[in-house]
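Chain by chain, the residues:
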Amino acid sequence: MDSWPMMSSPWPALTITGSYLYFVLIFGPWYMKYRQAYNLKYTIIFYNLGQVVYNVSMLIVVLSSFYLDDDIIIQKKKLHQAAWCFMFIKFIDLLDTVFFVLRKKQSHITVLHVYHHTCMAVGTWAFVKYTEGQQCVLIGVINSAVHAVMYGYYLLSALGPQVQKYLWWKKYITKLQMGQFIVIMGYLLRMLLYDNNLPKIVIIGLFTNTGVFLALFYDFYCKSYFKPTKQVVKFSN
């Protein structure tokens, strides 16, 4: 895959990720400080729709390759293509944060958000570049399915208040994300215990980072949906 776009050296991936961090953490907030927030409604609708179509398409390609392709060479080629597409969409995902900056939604740019997007972009690139890990196809399938649902929610939410009032299932998106991390950690643990062609240090790294994701998402869930009750202090005469 070295001849494929972005795969010949680490510099394209590192340049994109470095530029992303500089924009969302330094330049973007400075640039927007005295400017009105941009109205990106239709851009975001198109973006979310594209995300849903892209992730669903990857699912169809990967799952169909297992059921329809008897030729192992063709199947392997399709999985390589799907792996590259999965890596590429993780760099497209960085636009989530760019949109937050341009819309002056600075409160949305949390450690969880930036860390998650950065790790997924760089980590997925490194995995696709340096490993031969067909066993991790299941992880990509789970993640793409979750992202299809997540961006489907964002697409509906972007349509406006007339649709948002029916979106009662927001917190279940976070539960779904946490659920995927638990399943992935279980799968990685199984890989660690049995022989496979991935170095154990890679599996341990993936397991540890997924655990960090789970902890950060759980912290976000608790802060977002478990508001502390205010104590009422009564004074007597």
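Residues numbered from 1 in each chain as written. Predicted model: local features only at pLDDT ≥ 70, side-chain atom pairs only at ≥ 80, totals over all residues. Heavy atoms only, no water.

A. Representation of the overall build of the protein in the model. On a plain count of helices and strands, the protein comes out with nine helices and zero strands. Going from the N terminus to the C terminus, the protein shows its helices and strands as α-α-α-α-α-α-α-α-α. With the principal axes as the frame, the protein shows a C-alpha extent of 80 × 45 × 35 Å. For the protein, the exposed surface amounts to about 14700 Å²; the carbon and sulfur share of it is 67%. Charge-centre separation for the protein: the mean point of 21 positive side chains lies 22 Å from the mean point of 9 negative side chains. (Helix = DSSP H or I, 4+ residues; strand = E, 2+ residues; numbered from the N terminus. Areas by Shrake-Rupley, 256 points an atom, 1.4 Å probe, with all protein chains shown as cover. Lys, Arg positive; Asp, Glu negative; His and termini not counted. Charge placed at Lys NZ, Arg CZ, Asp CG, Glu CD.)

B. Inspection of empty space enclosed by the protein at higher detail. Counting across every chain of the model gives one cavity of 30 Å³ or more. In this structure, the largest cavity occupies an estimated 40 Å³ of space. What lines the largest cavity is simply Lys90, Asp93, His116, His117, Met120 and His147. Looking at the lining of the largest cavity, the element that brings in the most residues is helix α5 (residues 111–130), giving three residues. (1 Å grid on protein atoms, 1.4 Å probe; cavity = no way out; pocket = protein on both sides within 12 Å on 5 of 7 lines; lining within 4 Å. Points joined across faces, edges and corners; volume = space filled by probe spheres on them.)

C. View of a nonpolar patch on the surface. Residues Tyr22, Leu25, Ile26, Phe27 and Trp30 make up a contiguous nonpolar surface patch of about 560 Å² in total accessible area. In this structure, Phe27 sits in helix α1 (residues 11–32). (Patch = residues over 30% accessible without salt bridge, like charges linked within 9 Å, V, L, I, M, F, W, Y side chains within 5 Å. Salt bridge = Lys/Arg side-chain N within 4 Å of Asp/Glu carboxyl O.)

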